[in-house]
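Reading the structure
Chain by chain, the residues:
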Amino acid sequence: MSSAHPLTDDLRARRRTWLLGGVLFVAYVLVGCSQPAVPGLLTGWVPNVLFGAGAVVFAIGLGRAGSVTGRQPLGTGAIIALAVWQLLAPMWGAMLFGPSPEVDDLLGIMIVDTVVPVVAVMLAAIAVVQIARAGVVPPRWRWAPLWALIAVVVVPLLEAVLNAAQVLTASTGYYVLLAFGGLIHAAAMTFLGVLAIALASQQPVTATEASA
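Here goes a summary of the coordinates provided. (Residues numbered from 1 in each chain as written. Predicted model: local features only at pLDDT ≥ 70, side-chain atom pairs only at ≥ 80, totals over all residues. Heavy atoms only, no water.)

1. Side note on the overall build of the protein
Put simply, the test is: Runs of E in the DSSP output that reach at least two residues are strands. Runs of H or I that reach at least four are helices, and both are numbered from the N terminus. Partly exposed residues are those whose accessible area sits between 20% and 50% of the maximum for their type, while under 20% is buried and over 50% is exposed, using a 1.4 Å probe and protein chains only. Whether two residues touch is decided by their heavy atoms; if any such pair falls within 4.5 Å, the residues are in contact. Computed by Shrake-Rupley with a 1.4 Å probe, the accessible areas treat only the displayed protein chains as cover when residues are assessed.
Tallying secondary structure elements over the protein gives eight helices and zero strands in all. Going residue by residue from the N terminus, the α and β elements of the protein occur as α-α-α-α-α-α-α-α. A buried classification covers 33% of the 212 residues belonging to the protein. Residue pairs at least 24 apart in sequence account for 69% of intrachain contacts in the protein once pairs closer than 6 positions are excluded. Total accessible area on the protein is roughly 12,100 Å²; 72% of this is exposed by carbon and sulfur atoms.

Pasting the structure below:
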């Protein structure tokens, strides 16, 4: 008879999944912050690839128990769809209007620029709710992805409202708000990455702890 407790493998799967996913999210932020210093096509793609890889790792898990959604179809599908959507986001304009859009394409480009983030937010909202409902993440941190999503969404929403009211133009205030939004996004993703790494280090792996 095996001496290994069945929960031990589950906890190990969570540790591996959350550690790798957390590292990928932190790497996503670090590489993204380095883009202005190292411009180019490669550095432009790498952050999205790192984010997508981290999201898929969290969704599927390195072992079923590692999945933050418990591999439930809705939540898992939403996370994977978000990863793919974000990876393709920079390409939508070129795919629809070509590399050199005409003046007549301006309205279409504006629509695409609006639809792309809206779809991303919708997928992220589904994902964070399903993560909380799955009950895999410890109760204290179950809604942490929702906190991060709210933080990321607030600034773009404020920007959109001010633009609609014609209060915000391409002025110093606009660029300050844009930079602040980027900072909030980086902070939110760093928070999720560091939290995942911390939770991974706290997961018990011994049979005694697992059976407690």
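Following the structure, the description resumes.
2. Focus on the nonpolar core
We count it as follows: Definition of nonpolar core: a set of buried residues of the types Ala, Val, Leu, Ile, Met, Phe, Trp, Tyr and Cys, connected through side-chain atoms within 4.5 Å.
Of all hydrophobic cores here, the largest spans 39 residues; its most connected members are Trp-18, Val-68 and Ile-79. Within the residue set of this core, elements represented by two or more residues are helix H1 (6–34), helix H2 (41–60), helix H3 (73–88), helix H5 (106–134), helix H6 (144–164) and helix H7 (172–202). Excluding residues that lie within four positions of it along the chain, Val-68 makes contacts with Trp-18, Phe-58, Ile-79, Ile-131, Ala-134, Val-136 and Val-137.

3. Some remarks on the packing of aromatic side chains
So the rule is basically this: Only Phe, Tyr and Trp rings are paired, with Trp represented by its six-membered ring, and only when their centres lie within 6.5 Å; those with planes under 30 degrees apart are stacked, over 60 edge-to-face, the remainder tilted.
For the structure shown, the criterion picks out five aromatic pairs. When the ring of Tyr-28 is compared with that of Phe-51, the centres are 5.5 Å apart and the planes differ by 50°; the resulting orientation is tilted. Highlighted residues: Tyr-28 in helix H1 and Phe-51 in helix H2, separated in sequence by 23 residues. Owing to a relative accessible area of 11%, Phe-51 belongs among the buried residues under this scheme.

4. Let's talk about H3
Put simply, the test is: To estimate the expected span of a helix, count its residues, drop one, and scale the result by 1.5 Å.
Along its 16 residues, H3 runs 22 Å from first to last C-alpha, staying within 8% of the 22 Å computed at 1.5 Å per residue. Buried residues of H3: Gly-75, Thr-76, Ala-78, Ile-79, Leu-82, Ala-83 and Trp-85, and no others.

5. Digging into unusual backbone geometry
Unlike most non-glycine residues, Arg-71 shows phi in positive territory, near 60°. For Arg-71, the location among the structural elements is in the loop between H2 and H3.

6. A short note on the environment of Cys-33
Within the fold, Cys-33 resides in helix H1. Separated by 149 residues in the primary sequence, Cys-33 and Gly-182 place their C-alpha atoms 9.4 Å from one another.

7. A short note on a nonpolar patch on the surface
Selection rule: Patch definition: residues with relative accessible area over 30% and no salt bridge; like charges joined within 9 Å; nonpolar side chains (Val, Leu, Ile, Met, Phe, Trp, Tyr) joined within 5 Å. We define a salt bridge as a side-chain nitrogen of Lys or Arg found within 4 Å of a carboxyl oxygen belonging to Asp or Glu.
Together, Val-129, Trp-143, Trp-147 and Phe-191 make up an exposed nonpolar region whose accessible area comes to about 360 Å². Relative to the assigned elements, Trp-147 resides in helix H6.

8. Some thoughts on the environment of Trp-18
Within the secondary structure, Trp-18 is located in helix H1. Measuring from C-alpha to C-alpha, the distance between Trp-18 and Val-137 comes to 10.0 Å, with 119 residues separating the pair along the chain.

9. Considerations on the side chain of Arg-142
Which entries qualify depends on this criterion: Counted as positive: Lys and Arg. Counted as negative: Asp and Glu, with His and the chain ends omitted from the count.
Relative to the assigned elements, Arg-142 resides in the loop between H5 and H6. In this structure Arg-142 is buried but unpaired, with Asp-10 as the nearest side chain of opposite charge at 14 Å. With residues up to four places along the chain from it excluded, the contact list for Arg-142 reads Ile-131, Ala-132, Gly-135 and Val-137.

10. Things to note about the environment of Val-57
By the secondary structure assignment, Val-57 is in helix H2. With relative accessibility at 14%, the residue Val-57 sits in the buried group. The spatial distance from the C-alpha of Val-57 to the C-alpha of Arg-16 is 9.7 Å, given a sequence separation of 41 residues. If we ignore the near neighbours within four places in the chain, the residues touching Val-57 are Thr-17, Leu-20, Gly-21 and Leu-24.

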